[in-house]
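The primary structure of each chain is shown beneath.
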Amino acid sequence: MLCKRQQLEDHYFGAIPERVYAFMRDFEAESYKLGIPLRTRHNEVAPAQFECAQF
């Protein structure tokens, strides 16, 4: 049984909010300048939790 407000289809496969997406793009650009290429970005199952992953 999933905890309230943590349904998989609403979070993990949902769209990333524009404000969060803008932050992630900035984070990825700065990471790349430091030699840390990032390959993926997505939501996590819990609300308001997001992830970037490196190569």
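Relevant structure appears above.
> It is not clear to me how the pairing of strand E1 (residues 38-43) should be interpreted in this structure. Could you clarify?
In summary, the side chains of a regular strand alternate between the two faces of the sheet. Bridge analysis of E1 against strand E2 (residues 50-54) gives five bridges, and the strand direction is antiparallel. Its bridge partner lying in E2, Asn43 is registered against Phe50.

> Where do I start with the pattern of salt bridges in this structure?
Between side chains of opposite charge, a pair can form as their charged atoms come close. Tallied over the entire structure, the rule returns three salt bridges. Between Arg41 and Glu28 there is a salt bridge, with its nearest N and O atoms 2.8 Å apart. Highlighted residues: Arg41 in strand E1 and Glu28 in helix H2 (residues 18-33), separated in sequence by 13 residues. Assessed through its relative accessible area of 30%, Arg41 is described here as partly exposed. Residue Glu30 is joined to Lys33 by a salt bridge in which the shortest nitrogen-to-oxygen separation is 3.1 Å.

Thresholds, definitions, all that
Residues numbered from 1 in each chain as written. Predicted model: local features only at pLDDT ≥ 70, side-chain atom pairs only at ≥ 80, totals over all residues. Heavy atoms only, no water. Pairing = 2+ DSSP bridges. Helix = DSSP H or I, 4+ residues; strand = E, 2+ residues; numbered from the N terminus. Salt bridge = Lys/Arg side-chain N within 4 Å of Asp/Glu carboxyl O. Buried < 20%, exposed > 50% of the residue type's maximum accessible area, 1.4 Å probe, protein only.

It is worth stressing that arrangement in space is one thing and function is another; only the former is reported here.
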